[in-house]
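As a plain string of letters, each chain reads:
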Amino acid sequence: KQKCSSSKCILNPDSFIHFIEMPNRTTKPCPNCGQYNLKLRYLERLKLPAEALNKTTNSFEYDDNPLLPSLLKKVINEETGLYLYGPYGVGKTHIVYGIARRMIWHYSRRVKLINHNEHLQSIKRSWNDSDHQNPSFEWLDKYDCLIIDEFGGGMKTGKK
């Protein structure tokens, strides 16, 4: 939330992006805040819900999961994947939000966070019955990490 060394740099309170106001009343991202702005844009693209604001890997309570911090390091360093499962309310989504934020902010990774059921619905909508082509997955090439929340859960029927 701090300004950079440029006296013209202004913080956009709606997006937290630093920008410079141009003479023709337009704006452009502050060139001195380039990496900062880039990371903020990646975080914005995650479209995390409001309840995710304080969900970080540092704010997670690891008492019941003493092995989780070492596993998270492996995931973040791209040494392994991670599948979290458990009953409602144990913090699975909390840790997922934290992993996504840490990967973007501390490691400049490109992260895509999707809800499994919503993603399946978008694939169904994109299916072309006339030529029977499979939906394209090239969009995955843009990301370093794909996080799928509610994998196998969150169905409309309430069954998981």
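Reading the values: the criteria
- Residues numbered from 1 in each chain as written.
- Predicted model: local features only at pLDDT ≥ 70, side-chain atom pairs only at ≥ 80, totals over all residues.
- Heavy atoms only, no water.
- Salt bridge = Lys/Arg side-chain N within 4 Å of Asp/Glu carboxyl O.
- Helix = DSSP H or I, 4+ residues; strand = E, 2+ residues; numbered from the N terminus.
- Buried < 20%, exposed > 50% of the residue type's maximum accessible area, 1.4 Å probe, protein only.
- Pairing = 2+ DSSP bridges.
- Expected span 1.5 Å × (residues − 1).
- Contact = heavy atoms within 4.5 Å.

**Student:** Help me understand the pattern of salt bridges in this model?
**Tutor:** Opposite charge on two side chains makes pairing possible when the charged atoms of those side chains draw close. As enumerated under the stated definition, the model contains one salt bridge in all. Among the ionic pairs, Asp-144 bridges to Arg-110, the shortest N-O distance being 2.9 Å. Residue Asp-144 is located in the loop between α4 (116-126) and β5 (145-149), and its partner Arg-110 is located in the loop between α3 (92-105) and β4 (111-115); the two are separated by 34 residues in the primary sequence. Residue classification places Asp-144 among the partly exposed positions, given a relative accessible area of 35%.

**Student:** Got a minute to help me understand the pairing of β5 in this structure?
**Tutor:** Residues of β5 alternate between two faces, with Cys-145, Ile-147 and Asp-149 buried on one and Leu-146 and Ile-148 left unburied on the opposite face. For β4 and β5, the ladder comprises five bridges, and the chain directions are parallel. Across the sheet, residue Asn-115 finds its bridge partner in β5, namely Asp-149.

**Student:** How do you make sense of α3 when you look at a structure like this?
**Tutor:** Helical geometry: 3.6 residues make up each α-helical turn, so side chains three or four residues apart lie on a common side. Over its 14 residues, α3 runs 20 Å from end to end, which matches the ideal 20 Å to within 8%, given 1.5 Å per residue. With 10 of its 14 residues buried, α3 lies for the most part within the structure. Among the residues making up α3, those that are buried are His-94, Ile-95, Val-96, Tyr-97, Gly-98, Ile-99, Ala-100, Arg-102, Met-103 and Ile-104. Buried positions along α3 lie against α1 (34-46), α2 (68-76), β4 and β5.

**Student:** Before we go on, may I ask you to explain the side chain of Arg-109 in this structure?
**Tutor:** Along the chain, the position of Arg-109 falls in the loop between α3 and β4. Overall, Arg-109 belongs to the buried group, its relative accessible area being 14%. With sequence-adjacent residues up to four places away left out, Arg-109 is seen in contact with Tyr-42, Ile-76, Asn-77, Glu-78, Met-103, Ile-104 and Asp-144.

**Student:** Explain the environment of Leu-71 here, please?
**Tutor:** As for its placement among the helices and strands, Leu-71 is situated in helix α2. Spatially, the C-alpha atoms of Leu-71 and Gly-81 are 9.0 Å apart, while their sequence positions differ by 10 residues.

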